[in-house]
Amino acid sequence: MTRLSTYFLPTLREDPADAESVSHRLMIRAGLIRQLGAGLYTWLPAGYRVIKRVEAIVREEIDAIGGQEMLMPVLQPAEIWRTTGRYKIDELFKLEDRKQSDHVLAMTHEEALTYHVAREIRSYRELPKILYHLQVKERDEPRPRAGVLRTREFTMKDSYSLDRDDEGLDRSYELHRRAYARILDRSGLRWYEVEADVGMMGGIGAHEYMAPCAAGENEVALAPGYAANVEVATAGAQPVELPPPLDRPREVPTPGLTTVEEVSGALGVAPGAALKAMPVIVEGRGMVLAVVRGDHRLNQIKLRNALGADSRQARAEEIEDELGPPGFIGPVGASVPVVKDTAIQGSGYFAGANRPDAHLIGVEPGRDFSFEELDIRSVDAGDIAPSGDPIEIERAIEVGNIFKLGTRYSEPLGATYLDPEGSERPIVMGSYGIGPARIVAAAIEQGADDQGIVWPRALAPWTVHLVAIGKAGEETLATAERLYEELSESGVEALYDDREAGPGEKLTDAELLGCPLRVVVGRKALAEGEVEAQERRSGREHRLAVGDAARRTAEIVGELV
């Protein structure tokens, strides 16, 4: 029984001042969440009902592919994280107990799962397996924002596949791909699967599941038959008009001009004719000069993957000591290795001269400087995808990710099995995460209108929002009471607004909360023997005979999506 007069649903008339996204604003206003601290949110009863809807869908689909649910500690010994090399991750919460033993608050559970597997699985006969859990995780997020989209504490479903070999991993991976498609379809989201970077998880391959919306923190490159996170996307660059080539570079004065736009403007050429040189310090290698076209952006993820090591931007004093004055750096005559992006083709470029107030024109890669050629730029809208179609860039929320870990964790943590010949082999693993809170936020972002949330039926906290217009003792309230009882008996989940409040407040809250069907018992319609119903998404209206209202409501609900 859910009566709004006794339910904890603190709605707000005005938008919160610090709300950064549609979902953040509406979740606060509709009484779904409240903030406790930076990146820390409490799910109030109505919001938690939505989370449980998502979790039920997730459990059903992972159980259907053979997943076995378990529960592992969030507080973990630091040693297993040191063993895998992930203890140094900045976003990992680290702490000491009273005995000065090091611990972490887990952001994911590969280490813990593999620790147990290493001690329990012995034979190939015990494989394959899919183990999963759905629980709170922690991340020392430096910049929490956008409500529940970037938080320091969150709930995740993480499943882990354990196989004998790469073929088994491929099968487990495909099972999860299909399960994730069903989860997101059932949740009512628009989504797509994209190629992704393995990041801190490591491994040999990854995909992400993206829900397009303006509040998304990810950029996705899309074309017919192609979808990839911009972090890893590859595309043919749009052509740029270059100045006529010279037989050798020529120095030109550029006093005080340090940006691509300033120099290209002074020279009367396109920004894409620049060789934009960015000194970076690569772990284990020292300074490297990364060079991209002047109209392109250096992609740090692709640079890391191409070089096989992390890097950071060189400081001004390091650049000055090694190459020359910042703002006038170029690859010609550079004393450090040069990595040139593959989009730089042809000759006639301009570049910094590595001395104050001067640039070079007529630069030709290969003739004037040697290089290692790698794909290190971010793609742009209009670039050409591998399919031959132009790329579009769309913002999206990442709601899930899947990784082929291979033996990334089983080898350092000793998770092995004996094959039929008695040889010891490492277990081949996969990891598969999906975020219920992100699915909720994405559903709000994609469906909301000017009045409030518009839930897909599968996620709505209640299917029906029943509103009684009138005062105690009036026929409208008595009719609404009977209808509420009949709906409950028929299995329709309804929120009954029986508060002593005005019609405007009740109807505004119903629009804000966004349940799929609103049923209003008011004086005018009741005088004609009817109640009014309106579908939240389409706005379609229905007039229901009072004596048949419960049955008709159930019918309408059954047709909603």
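Because the structure is predicted, anything quoted here is derived from the model rather than measured.

Asks: Tell me about the packing of aromatic side chains, and please be specific about residues and values.
Replies: Taken as a whole, this structure holds six aromatic pairs when the rule is applied. Residues Y173 and Y432 carry aromatic rings whose centres are separated by 6.1 Å and whose planes lie at 55 degrees to one another, so their mutual orientation is tilted. Taken together, the residues span a long stretch of sequence, with Y173 in helix α5 (residues 166–186) and Y432 in strand β26 (residues 428–434) at a distance of 259 residues. We note that Y173, like Y432, is buried.

Asks: Account for the environment of D102, naming residues and giving values.
Replies: Along the polypeptide, D102 turns up in strand β6 (residues 102–105). The partly exposed category is assigned to D102, whose relative accessible area is 28%. Residues D102 and D548 lie 446 residues apart in sequence; the distance between their C-alpha atoms is 65 Å. The residues touching D102, leaving out its near neighbours within four places in the chain, are P77, A78, R82, Y87, L95 and E96. Side chain to side chain, D102 and R82 meet in a polar contact 2.6 Å long.

Asks: Which residues make up the sheet that holds strand β27 (residues 464–468), and what values go with them?
Replies: Whenever strands of a sheet pair, they do so through backbone hydrogen bonds, lying parallel or antiparallel. What the five strands build is an open sheet, ordered β28-β27-β29-β30-β31; its pairing is mixed. Unpaired on one side and paired on the other, β28 (494–497) and β31 (541–545) mark the two borders of the sheet. Neighbour to neighbour, the strand axes of the sheet diverge by 20 degrees on average, direction disregarded. Two elements, strand β30 (residues 530–535) and β31, share five bridges in a ladder whose sense is antiparallel. Within the sheet, the bridge partner assigned to V531 lies in β31 and is L544.

Asks: Tell me what's going on with the pattern of salt bridges, and back it up with residues and numbers.
Replies: For the structure shown, the criterion picks out 56 salt bridges. Across the pair R86 and E110 runs a salt bridge whose closest N-O atoms are separated by 3.3 Å. Taken together, the positions of R86 in the loop between α3 (78–84) and β5 (93–96) and E110 in helix α4 (residues 110–120) put the pair 24 residues apart, joining distant regions of the chain. Across the pair, exposure class does not vary: R86 and E110 are buried alike. Between R499 and E505 there is a salt bridge, with its nearest N and O atoms 3.6 Å apart. Take R499: its relative accessible area is 18%, and that puts it in the buried class. Through salt bridges with shared partners, a single ionic network connects E20, R139, E141, R145, R150 and E217.

Asks: I'd like to hear about the side chain of H465, residue by residue, with values.
Replies: When you line up the elements, H465 lands in strand β27. Given a relative accessible area of 1%, H465 falls into the buried group. In this structure, H465 is in contact with L4, L495, D497, D509, A510, L513, C515, L517, R518 and V519, ignoring residues within four places of it in sequence.

Asks: Tell me about the sheet that holds strand β13 (residues 250–253), and please be specific about residues and values.
Replies: Taken in spatial order, the three strands of this open sheet run β13-β20-β19, and their pairing is antiparallel. Looking at which strands have only one partner, the edges of the open sheet turn out to be β13 and β19 (349–352). Each neighbouring strand pair of the sheet contributes to a mean axis angle of 35 degrees, computed without reference to strand direction. Bridging between β19 and strand β20 (residues 358–363) involves three bridges; their strand directions are antiparallel. Considered in β20, the bridge of A351 is made with L360.

Asks: Run through the packing of helix α2 (residues 45–64) against helix α10 (residues 436–447), naming residues and quoting values.
Replies: For the pair α2 and α10, interaxial distance at closest approach is 9 Å and the crossing angle is 110 degrees. Put simply, α2 runs roughly perpendicular to α10. Considering the relative orientation of α2 and α10, their crossing is right-handed. Along the contact surface, α2 presents V50, I51, V54 and E55, while α10 presents P436, A437, I439 and V440. Its residues assigned to classes, the contact of α2 with α10 comprises seven nonpolar, no polar and one charged.

Asks: Describe the environment of C515, naming the residues involved and giving the relevant values.
Replies: In this fold, C515 is placed in the loop between α12 (503–513) and β29 (517–521). In sequence terms C515 and G558 are 43 residues apart; their C-alpha atoms lie 14 Å from each other. Each residue touching C515, except ones within four places of it in the same chain, is listed here: W455, P461, W462, T463, V464, H465, A510 and R536.

Asks: Run through the packing of helix α1 (residues 22–29) against α10, naming residues and quoting values.
Replies: At their nearest, the axes of α1 and α10 sit 8 Å apart, and the two run at 100 degrees to each other. What the angle tells us is that α1 and α10 run roughly perpendicular. In this structure, α1 uses V22, S23, L26 and M27 to contact α10, whose residues at the interface are V440, A441, I444 and E445. Of the residues assigned to the contact of α1 with α10, the class counts are six nonpolar, one polar and one charged.

The rules behind each value
Residues numbered from 1 in each chain as written. Predicted model: local features only at pLDDT ≥ 70, side-chain atom pairs only at ≥ 80, totals over all residues. Heavy atoms only, no water. Phe/Tyr/Trp six-rings, centres within 6.5 Å; stacked < 30°, edge-to-face > 60°. Helix = DSSP H or I, 4+ residues; strand = E, 2+ residues; numbered from the N terminus. Buried < 20%, exposed > 50% of the residue type's maximum accessible area, 1.4 Å probe, protein only. Contact = heavy atoms within 4.5 Å. Polar contact = N/O pair within 3.5 Å; in protein donor to acceptor, adjacent residues only side chain to side chain. Pairing = 2+ DSSP bridges. Axes fitted to C-alpha atoms, helices over the stretch in contact; angles between N-to-C directions. Salt bridge = Lys/Arg side-chain N within 4 Å of Asp/Glu carboxyl O. Parallel < 35°, antiparallel > 145°, perpendicular 65-115°, else oblique. Left-handed = near helix turned anticlockwise from the far one by under 90°. Nonpolar A, V, L, I, M, F, W, Y, C, P; charged D, E, K, R; others polar.

So far we have only geometry, and geometry alone does not tell us how the molecule works.
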